[in-house]
Amino acid sequence: MTDAATPGSALDQLPKSFEPAPIEARWYPLWESRGYFANRPAPGTDAAGTASAQPASDTAYCIQLPPPNVTGTLHMGHAFQQTLMDTLIRYHRMLGKDTNWVVGSDHAGIATQIVVERQLAAEGKSRYDLPREQFIERVWSWKNESGGAISKQMRRLGDSANWEYADSLGTHSGYFTMDPKLSTAVAEVFVRLYEAGLIYRGKRLVNWDPHFETAISDLEVENREVDGVGVQLTNLDKVLYPATGTTKAEVIDYFQAIAPFALPHLRDRPLTRKRWPNGVDKTAFFEKRLPSHAPAWIRRGSQFHSDGESQYPVIENAAGMVWLGQQAALELHVPQWAFVPDGADPDRPEVPGPPNRLVLDLDPGPDVTLDDCAALALRIRELLAAMDMEGYPVTSGSKGLHVYAPLPGGISANGARTVAHAIASQLEAESPELVTASMAKVQRGGRVFVDWSQNSASKTTVAPYSLRGRDHPWVAAPRTWDELAQPGLRQLEFGEVLARARSDGDLLAGLAAPSAPPPEPVDLGEYRA
C-alpha cells in the first residue's frame, strides 16, 4: 500500500494556508466570460425581457448598486453591503427570475479634482494654468488610470454583478455617472422635476468652498466648534506658504490660538481682508464687503461710500478668527477708529466713531534696514512722550515698523492725521538724508517714508497679530522698546509670535485700554528745536 504522505504525493504539494488569489484569478474570469451573471430574459418573457403572461414582479428582480466614488476603494462596510446584495441576487436567480444587478461608479467630482490639483501642484502648476479643455482631459486621464479599483475588488469578492454594462471606454466596469448617456438622463430628469415644481428652490444649507467655487459634501468638510459656534473648514492640507510648507490648517490654528491677544485690536472695527486662496505665490485680492453667504453669526457694521452702503465684518470672537483662516484671509486691515452707538438715536445701527489710536508706518526704501527703522521709531517714542503719549512698536511682518499710540477722546480723524503729519515732518527736518514725509515715491529712495496718511478715516493698517502675505508666515508682531534698541532686529514668524504672546501676554494691552481724559493742548512747535 502506498503512503499518501510520501514525498511527491498530491497531499505533500498542498499549501499550508489557504490562498484565495489563484482561485479568484482562475474562476471569476471564467464565470464572467460565460455570461453567468448577465441579464437574461427569464422563461415567460420575450427577447426584450418583457413579461408575456406573468406580472413583471414575478419574473424579474433588479438591484441598483449605490454607486461608490470612482476615486475610492471598498472597506469592510462596503464588503458587507456587497455580500448582502450578492446573496439577494443569487437567491432570486436560483428561483429562475430574470435578475439584473446594475453596477457602476460615481464621478466624485471634488475628490477627483483634489487629486488632480495635487498632481499639478507637484509640477509647479495650478488648474488656472491650463485651459479648461486640458484640465478636463487631465481629470479623465486620471479617472481612466485609477478608477477601476472598486470593480476589481467586487470581482475578487465573487460578486455576481452584471458587468455587461460598459463605460465609455468599454472596460466593463459598470455605468459611470459622467458617461454621455447618463448625463443626458440626469439632465432630463432634473428638467422634468423642475418643470413639475418638485425641486426645492428655496434657501438651503450647503457647504460652499471658496477655493473650488462650488458646493461640496459633508465628507469633505471639517466642522469645528469654536466657543459654541460651528465653523466649516475645507482644504486644510492646502499649502498657503510654499517656501515653508505652511498649510491652511496651520494658519487656522494660529488664528484661533492668537485670538485672545488679537481681538482687542480688531474689536468694533470694520475689517478689510486681503486673501490668498491659492497661496502667497498666487494672485491675492482685497475684500471689503461681507459676502452674502457669510455666516449669520458674524457681526455686521455698515459704512457709506460713494456707491452706497456697504456691510463689513466686525470680528469679535475666536470663531470669527477661524472663519477668516478658512477664507485664507491672511492679512487683516482695520482703520484707527471703531464703531460707536449713534448718540442721536440709540436704536439705530452703530456709526463710525472718532479715532482712538494714532499710527505711523515706517516704510523703508531700497538699501534701508529694519535697524534703521528701529532707530527712527525710538526717536518717535521720544516725540510722543513729549506729548504725554505712550508709543507701542510693531514690526510690520513685511519690511518696516509701525508705531502706535492711544489717542484721547475728542480728536477727529483729520486732527489725528495732522498730528501724525507734524511728527513725520519733524523727523524729516531732523534727518532729511534718512526720512521723508512726502507721499511721492520718487522721494523714498534710500530713505524711510513715515506714512502719516493711514490716520485718515478712509485708510486702514494691517492689524497687530495679523499674518502677512509674504514668502514666510511673518506677522505684524508687537515688540518691546528694548528689542528695538538692539541691533539685528528681524521680522517674526507666526509660531514665534504665538509663543511670545503666551509667555509675555499682549505687549499692546495699553493700546487697547480705554482712553484717558484729554490732556492739555500741546504746541508741537516747541518740540521741533
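All of these numbers come straight from a predicted model, not from anything done at the bench.

## A look at the overall build of the chain
Summing up its helical and strand segments, the chain has 14 helices and 26 strands in all. Burial status across the chain gives 42% buried among its 529 residues. Of the accessible surface of the chain, which amounts to about 28000 Å², a share of 55% is contributed by carbon and sulfur atoms.

## Remarks on the sheet that holds strand β15 (residues 329-334)
Taking strand neighbours across the sheet as the criterion, the 4 strands line up as β12-β11-β15-β23 in an open arrangement whose pairing is antiparallel. Each edge of the open sheet is held by one strand with a lone partner, namely β12 (285-287) and β23 (461-462). Two elements, strand β11 (residues 272-275) and β15, share 4 bridges in a ladder whose sense is antiparallel. If you follow Thr272 over to β15, its bridge partner there is His333.

## Here we look at the sheet that holds strand β18 (residues 357-364)
Pairing is mixed across the open sheet formed by 6 strands, whose spatial order is β21-β22-β18-β20-β19-β25. Of all the strands in the sheet, the pair left with one neighbour each is β21 (435-436) and β25 (477-478). Relative to β25, strand β19 (residues 392-395) runs antiparallel, the two sharing 2 bridges. Note that in β25 the partner of Thr395 across the bridge is Ala477. Relative to the sheet, helix α10 (residues 370-386) contacts β18, β19, β20 (401-406), β21 and β22 (448-451), its axis offset from that of β20 by approximately 15 degrees. Of the strands in this sheet, β18, β21 and β22 touch helix α11 (residues 413-430), which is tilted by about 35 degrees from β18.

## Some details on the side chain of Gln336
Locating Gln336 in the fold gives a position in the loop between β15 and β16 (337-340). Judged by relative accessible area, Gln336 falls into the buried class, the value being 1%. Not counting the four nearest positions on each side in its chain, Gln336 is found in contact with Arg269, Pro355, Asn356, Arg357, Val359, Tyr404, Gln454, Asn455 and Thr461.

## As for the confidence of the model for the chain
Across the chain, the average pLDDT comes to 85, with 85% of residues at or above 70. Every residue in residues 45-53 is under pLDDT 50, and counting partners more than four places away or in other chains gives 14 contacts. Note that pLDDT drops below 50 for residues 515-529; the model gives that stretch 22 contacts with residues more than four away or on any other chain.

## Quick word on the side chain of Thr395
Within the secondary structure layout, Thr395 lies in strand β19. Accessibility expressed as a relative area gives 0% for Thr395, which makes it buried. Residues within four places of Thr395 in sequence aside, it is in contact with Leu370, Gly400, Leu401, Val475, Ala476, Ala477, Arg479, Leu489, Arg490 and Gln491.

## A closer look at unusual backbone geometry
Phi at Asp388 is positive, roughly 60 degrees, even though this residue is not glycine. Taking relative accessible area as the criterion, Asp388 reaches 67% and is therefore assigned exposed.

## With respect to helix α8 (residues 248-266)
Helix length check: α8 (19 residues) gives 21 Å between terminal C-alpha atoms against 27 Å at 1.5 Å per residue, more than 12% under. A maximum bend of about 75 degrees is found in α8 at Ala259, where proline Pro260 lies one to four positions downstream. Looking at the residues trailing α8, positive phi occurs at Asp268, about 70 degrees.

## Re the nonpolar core
Buried together is how nonpolar side chains tend to be arranged in soluble globular proteins. If you look at the biggest cluster of nonpolar residues, it comprises 46 residues, and the most contacted ones within it are Tyr254, Ile258, Met321, Leu324 and Leu467. Of all the secondary structure elements, the ones that give two or more residues to this core are β8 (229-233), β9 (239-241), α8, α9 (318-326), β15 and α13 (494-504). The biggest single contributor to this core is α8, with 11 residues. In contact with Ile258, not counting residues within four places along its chain, are Met321, Tyr465, Leu498 and Ala501. Core analysis: the second largest hydrophobic core is formed by 31 residues, Leu360, Ala437, Trp481 and Leu484 among them.

## With respect to the packing of aromatic side chains
Throughout the structure, instances matching the rule amount to 7 aromatic pairs. Ring geometry for Tyr254 and Phe255: centres 5.9 Å apart, planes at 40 degrees, overall tilted. Take Tyr254 and Phe255: they sit in the same class, and that class is buried. For Tyr254, a relative accessible area of 2% puts it in the buried group. These aromatic residues form a ring-pair network of at least three members: Tyr28, Trp31 and Phe37. It is Arg155 that lies over the ring of Trp163; its NZ or CZ is 4.0 Å from the centre. The ring centre of Phe449 lies 4.0 Å from the NZ or CZ of Arg444, which sits over that ring.

Conventions used here
Residues numbered from 1 in each chain as written. Predicted model: local features only at pLDDT ≥ 70, side-chain atom pairs only at ≥ 80, totals over all residues. Heavy atoms only, no water. Helix = DSSP H or I, 4+ residues; strand = E, 2+ residues; numbered from the N terminus. Buried < 20%, exposed > 50% of the residue type's maximum accessible area, 1.4 Å probe, protein only. Areas by Shrake-Rupley, 256 points an atom, 1.4 Å probe, with all protein chains shown as cover. Pairing = 2+ DSSP bridges. Contact = heavy atoms within 4.5 Å. Axes fitted to C-alpha atoms, helices over the stretch in contact; angles between N-to-C directions. pLDDT = per-residue confidence, 0-100. Expected span 1.5 Å × (residues − 1). Bend = angle between axes of the 7 residues up to and from the residue. Core = buried A, V, L, I, M, F, W, Y, C linked by side-chain atoms within 4.5 Å. Phe/Tyr/Trp six-rings, centres within 6.5 Å; stacked < 30°, edge-to-face > 60°. Lys NZ or Arg CZ within 6 Å of the ring centre and 35° of its normal.

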